[in-house]
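Below are the chains, spelled out letter by letter.
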Amino acid sequence: MKEPAEKIKRSVKEKREAILLQNELEKQELPGRKFEIFWTIKYNKDAAPIGITIDPLKQVEQIFKLGFRRYDIDKTNIYIHISENKLVKEVTPTTIIDTFLEYVESQTDDYFKHTDRESLISKLYGSLGTYFSTEKLNRLKPKDAILFNTDTAAIKYLYYKNGFIEITKAGTKFKPYSELQYYVWESEILPREYKAQKDTEPSYFEQFMFLIANSNPDRMQSIKSIIGYILHDYYDSKLQSLLLTDSKISDDDEANGRTGKSSIFCKGLAYIMCANPDNPSMKTYVQVNGRQFDPDNRSKYEQCSLDTKLIVLDDVFKGFNIETIFNDITEGIMVKHLFKESYRKRVKMIVTTNKTVKIEGASAKDRVIEFEFSDFFNENRSPADHFGHWFFRDWNTEEWQRFDYFMISCIQLYMSQGIIKPGIINLNTRKLYDTTCREFIEYMNEGINNVDITTNMAYDKKKFFEAFTEAYPDYKDKKYTQKRFHQWLVNFTKYDSRFKTFDKITDETKSGNIRYFTLRDYNYQK
């Protein structure tokens, strides 16, 4: 039975109106962003809506308009979100899905004529894996290259709520974000405003730095220049890691610590680099447990991300071989995430330890800056005890401004003078203790003081060792070999400033079956 002509005309008219409405909505600009009608309505022969079809291209276009992009790195990619003021943050597919669904749900009822909000949302929920598949999200390729604002050899940038500053060795310039040409990671925006007027009162952080520098103006200049180097996010120069250790020589073999290396110093650097160092989702500053750090683990830097700028290997284990990270220092770290290809990222690195670290040879010394913290702060006197407040947490606006001024002065010092090499407090003495033993050092010093041991005289190595074990019978144990004793002698010349470092060619001789060892005076000339 044929339908009445009038009913057919009415159905065709309603369908045409629905299509016209959909076309009209697609042309409309919504506040902030344009809403893309990414679905079509299916009708039966009576022109009644019977279902919804999702248009993949238009859906991807809507996700794109919400600011999401694919960002390629080497052989892999991540997803990012770009806000309208050029701020970028890394996001997960879950964040994209949540944002998209919340945005659809927030639209007015006018957009859902001839269907309903619940039906559309239900359609999407029914096949999230299809509508937000990796293949589909990977179509969020940016139309233009995404370039980030980066430091240059002559300029360091810091980003604040009210604008950004350009720092050079000559001064600073504050600029509004409208003058920012490239993109910036959202995690770099400091949650405070910048004010150019300098407060002459030193910040608490500056006072802390002077105390850990042994209240020595030269060491203070050195650590300031080192801070400037760490903060300068520029890598086309000689790259070095910073090794922080303690200066105190213990009465026993216990490590010292509690000097503020990680809790104040490293965290202070984080507070000028990162919006919130305590937020685990922000990866500008990453602290790695040094005791559990495995240099051979391919995923050792899995905590890091594309916006990471500083890694702190905190409290590395005794015997840590710093040479295992030399390539990471100079060439960049390899970031490996689960189910993702790894990519290379260049960062600055700090290693902290309560013991000393073996650094041998000119190449190694060229890659590491060693700085000793004084023992002003210790287990009996914390920064909170001395200053009467909790660093960072208890600071007001004025104190944060003083902190920022100090950090800027560190950057400018580095830019004008480079890294100022720190002097030594007790570093070599501590290395001597860590690489020999107290009884051996006591034996050598007593022998030298009593002129039983003299320089530039050859000693029978075997008899020398036997004389030591006679003086300290505990070292007659088989584990204390003559070979091990010889290495102690070598280390003694290396770390005691009275002697020239042992040279196997000139300082070790042989006559028949007897091997001789000579301690050379520091001023000895061949």
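Here goes a summary of the coordinates provided. (Residues numbered from 1 in each chain as written. Predicted model: local features only at pLDDT ≥ 70, side-chain atom pairs only at ≥ 80, totals over all residues. Heavy atoms only, no water.)

### Notes on the side chain of Lys 224
Within the secondary structure layout, Lys 224 lies in helix H8 (residues 217–231). Of the side chains bearing the opposite charge, Glu 206 lies closest to the buried Lys 224, which forms no salt bridge; the N-O distance is 5.4 Å. Within polar-contact distance, the side chain of Lys 224 engages the side chain of Ser 409 at 3.4 Å. (Helix = DSSP H or I, 4+ residues; strand = E, 2+ residues; numbered from the N terminus. Buried < 20%, exposed > 50% of the residue type's maximum accessible area, 1.4 Å probe, protein only. Lys, Arg positive; Asp, Glu negative; His and termini not counted. Salt bridge = Lys/Arg side-chain N within 4 Å of Asp/Glu carboxyl O. Polar contact = N/O pair within 3.5 Å; in protein donor to acceptor, adjacent residues only side chain to side chain.)

### Regarding the nonpolar core
Ranked by size, the top nonpolar core spans 87 residues in total, and within it Phe 205 and Phe 265 carry the most contacts. Here this core gets 10 residues from one element, more than from any other, and that element is helix H13 (residues 397–417). The residues contacting Phe 205, other than those within four sequence positions of it, are Ile 227, Ile 264, Phe 265, Gly 268, Phe 391, Phe 392, Trp 395, Glu 399, Phe 403, Phe 406 and Met 407. Within the second largest apolar cluster, 30 residues are counted, among which are Phe 35, Ile 37, Phe 132 and Leu 140. (Core = buried A, V, L, I, M, F, W, Y, C linked by side-chain atoms within 4.5 Å. Contact = heavy atoms within 4.5 Å.)

### Considerations on the packing of aromatic side chains
Tallied over the entire structure, the rule returns 55 aromatic pairs. Between Phe 208 and Phe 377, the aromatic rings sit 5.4 Å apart at their centres with planes inclined by 25°, giving stacked as the arrangement. In this pair, Phe 208 is assigned in helix H7 (residues 204–212) and Phe 377 in the loop between strand E16 (368–373) and helix H12 (383–387), connecting sequence segments 169 residues apart. Pair check on accessibility: Phe 208 and Phe 377 agree, each one buried. (Phe/Tyr/Trp six-rings, centres within 6.5 Å; stacked < 30°, edge-to-face > 60°.)

### Things to note about the sheet that holds strand E7 (residues 163–168)
Across the sheet, which stays open at both edges, the three strands sit in the order E6-E7-E8 with antiparallel pairing between neighbours. Across the chains shown, the open sheet's two edge strands, defined by having one partner strand only, are strand E6 (156–160) and strand E8 (171–175). Across the sheet, the mean angle separating the axes of adjacent strands is 20° when strand polarity is ignored. Direction of pairing for E6 relative to E7: antiparallel, over a ladder of five bridges. (Pairing = 2+ DSSP bridges. Axes fitted to C-alpha atoms, helices over the stretch in contact; angles between N-to-C directions.)

### Looking at the environment of Ile 96
Here Ile 96 lies in helix H3 (residues 93–105). Residues Ile 96 and Tyr 79, 17 residues apart in the sequence, show an inter-C-alpha distance of 8.8 Å. Those residues in contact with Ile 96, other than ones at most four positions away along the chain, are Ile 63, Phe 68, Tyr 79, Val 91 and Leu 137.

### Quick notes on the packing of helix H9 (residues 261–273) against H13
The axes of two packed helices give the description: the angle between them and the distance between them. The contact between H9 and H13 brings their axes to 11 Å, and the two run at 95°. Considered as vectors, H9 and H13 are oriented roughly perpendicular to each other. Each of Gly 268, Leu 269, Tyr 271 and Ile 272 in H9 lies in contact with H13, whose residues at this interface are Trp 400, Phe 403, Asp 404 and Met 407. Taken together, the residues that form the contact of H9 with H13 break down as six nonpolar, one polar and one charged. (Parallel < 35°, antiparallel > 145°, perpendicular 65-115°, else oblique. Nonpolar A, V, L, I, M, F, W, Y, C, P; charged D, E, K, R; others polar.)

### Some remarks on the pairing of strand E1 (residues 39–43)
A one-sided burial pattern is seen for E1, the buried positions being Trp 39, Ile 41 and Tyr 43 and the unburied ones Thr 40 and Lys 42. Adjacent in sequence and paired antiparallel, E1 and strand E2 (residues 49–54) are bridged by five residues, among which Ala 47 carries a positive phi angle near 65°.

### Some thoughts on the pattern of salt bridges
Scanning all chains against the criterion turns up 21 salt bridges. A salt bridge links Lys 175 to Glu 166; the nearest nitrogen and oxygen atoms lie 3.1 Å apart. Salt-bridge contacts for Arg 520 lead to Asp 507; the nearest nitrogen and oxygen are separated by 2.8 Å. On the criterion of sequence distance, the pair formed by Arg 520 in the segment after strand E19 (514–518) and Asp 507 in helix H18 (residues 504–507) is long-range, its members being 13 residues apart. Overall, Arg 520 belongs to the buried group, its relative accessible area being 12%. With a relative accessible area of 3%, Asp 507 lands in the buried category.

### Observations regarding the environment of Ser 247
Among the secondary structure elements, Ser 247 is positioned in the loop between strand E10 (241–246) and H9. Sequence-distant contacts of Ser 247, that is, excluding residues within four places in its chain, are made with Glu 372, Phe 373, Ser 374, Asp 375, Ile 425, Asn 426 and Arg 430.

### Points about H9
An α-helix turns once every 3.6 residues. As a result, residues three or four positions apart point the same way. With 13 residues, H9 extends 17 Å between its outermost C-alpha atoms, agreeing within 8% with the 18 Å of an ideal straight helix rising 1.5 Å per residue. The largest bend along H9 measures about 30° and falls at Lys 267. Counting buried positions along H9 yields 12 of 13 residues, so the element is predominantly enclosed. Within the span of H9, buried status applies to Lys 261, Ser 262, Ile 264, Phe 265, Cys 266, Lys 267, Gly 268, Leu 269, Ala 270, Tyr 271, Ile 272 and Met 273. (Expected span 1.5 Å × (residues − 1). Bend = angle between axes of the 7 residues up to and from the residue.)

### Side note on the pairing of strand E18 (residues 508–511)
Summarising the sheet, E18 and E19 pair through four bridges and their orientation is antiparallel. Paired with Thr 509 across the bridge in E19 is Tyr 516. Counting the residues between successive antiparallel strands, the hairpin from E18 to E19 contains two residues, one of them, Gly 512, with a positive phi of roughly 65°.

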